Amino acid sequence: MKKRHLILLAIIVIASCTNTYDVFSTKYPVSFSCDVSLSPFNSTATLGYFLSVRPTATKDGYKVRLPDGTERTYPYTEVQNRVFQLGLAGIIIGRPYFGEGEVYAYDLGCPQCDRSSARLSVGVDGKASCSKCSGVYDLNNGGVAQSGESRPLYRYRTTLNGDFLMVHN
């Protein structure tokens, strides 16, 4: 009987020491949609290429930034103004090199800093980096931290229905 209790205790201790995170975050509300057949969102068809979407400073629209630094601003429609929510700092959208071709979405905010002012910079190499804490995250590998001291990026659910992409939680 004692041996059984020790094994059970060992299992509980090991399970409690692991860093497990839910795959999809619900910490910050996200509701965004776009047509991936239209530019610049059509770039999400390219494996390993990620773009970022964030609210404008005046909150009357959103900016889309490609990894090469190209940026476009779009005004919100009346419906988008009521519906769109972009998480902590915005969202990152793209298809990783690895996987089954599904579109991934992450928060544009650094999970280590956990502030809207700590936006990540997305590079053409499929990495996102934080200028505040120097954290680096691999967008092609589930948003895991490269340095190991942080949790992975907040990831959001995506639904692709034809050319219509929805990012939500």
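Here we summarise the structure given alongside this text.

Rules used throughout
Residue positions within a chain follow its written sequence, with the count starting from 1. In keeping with the predicted nature of the model, local features appear solely for residues at pLDDT of at least 70, side-chain atom pairs appear and are counted solely at 80 or more, and the whole-chain, interface and lining totals rest on all residues. With hydrogens and water excluded, all non-hydrogen atoms of the structure serve as input to the side-chain values. Secondary structure follows DSSP: runs of H or I at least 4 residues long count as helices, runs of E at least 2 residues long count as strands, and numbering of each begins at the N terminus. Whether two residues touch is decided by their heavy atoms; if any such pair falls within 4.5 Å, the residues are in contact. By this definition, two strands are paired if DSSP reports at least two bridges between them. What we call a nonpolar core is a set of buried Ala, Val, Leu, Ile, Met, Phe, Trp, Tyr and Cys residues that are connected through their side-chain atoms within 4.5 Å. Each residue gets one of three labels from its accessible area relative to the maximum for its type: buried under 20%, exposed over 50%, partly exposed in between, using a 1.4 Å probe on protein chains only. Salt bridge, as used here: a side-chain nitrogen of Lys or Arg that lies within 4 Å of a carboxyl oxygen of Asp or Glu.

Inspection of the secondary structure puts Arg 155 in strand β12 (residues 155–161). Dropping the residues within four chain positions of it, Arg 155 is found in contact with Val 23, Phe 24, Ser 25, Glu 102, Tyr 104, Ala 105 and Tyr 106.

This next bit is on the pairing of β12. Pairing of strand β7 (residues 104–107) with β12 involves 2 bridges; the strand directions are antiparallel. Paired with Tyr 106 across the strands is Arg 155, a residue of β12. Relative to strand β13 (residues 164–168), β12 is paired through 5 bridges, and the arrangement is antiparallel. Its bridge partner lying in β13, Asn 161 is registered against Phe 164. Linking β12 back to β13 in an antiparallel pair, the connection comprises 2 residues, with Gly 162 at a positive phi of about 65°.

The next thing to look at is the sheet that holds strand β10 (residues 136–138). Overall, antiparallel pairing links the 4 strands, which are arranged β8-β9-β10-β11 in an open sheet. This sheet does not close on itself; its edge strands, each paired only once, are β8 (120–122) and β11 (144–145).

Bringing the nonpolar core into the picture now. One recurring pattern in soluble globular proteins is that nonpolar side chains are buried together. The biggest cluster of nonpolar side chains holds 40 residues, and the ones touching the most others in it are Phe 32 and Val 53. For this core, the elements supplying multiple residues, two or more each, are β1 (30–35), β2 (49–55), β3 (61–65), β6 (91–95), β7, β8, β9 (127–130) and β13. Not counting the four nearest positions on each side in its chain, Val 53 is found in contact with Phe 32, Phe 41, Tyr 62, Lys 63, Val 64, Leu 86, Gly 90, Ile 91, Ile 93 and Leu 108.

This next bit is on the pattern of salt bridges. Scanning all chains against the criterion turns up 7 salt bridges. Here Glu 71 ties to Arg 65 by a salt bridge, and the two come within 3.4 Å at their closest N and O atoms. The exposure class of Glu 71 is partly exposed, given its relative accessible area of 31%. Here Lys 127 makes a salt bridge to Asp 138, at a shortest N to O gap of 3.8 Å. Of the two residues, Lys 127 is situated in strand β9 and Asp 138 in strand β10; the sequence distance between them amounts to 11 residues. The class for Lys 127 is partly exposed, based on a relative accessible area of 25%. A cluster of three or more residues bridged by salt bridges with shared partners is formed by Arg 54, Lys 63, Arg 65 and Glu 71.

Turning to the environment of Gln 146, a few remarks are in order. By secondary structure assignment, the location of Gln 146 is in the loop between β11 and β12. Put simply, Gln 146 and Val 136 are 10 residues apart on the chain and 5.4 Å apart in space, counted from C-alpha to C-alpha. Leave out the neighbours within four places in its chain, and Gln 146 touches Lys 127, Val 136, Tyr 137 and Asp 138.

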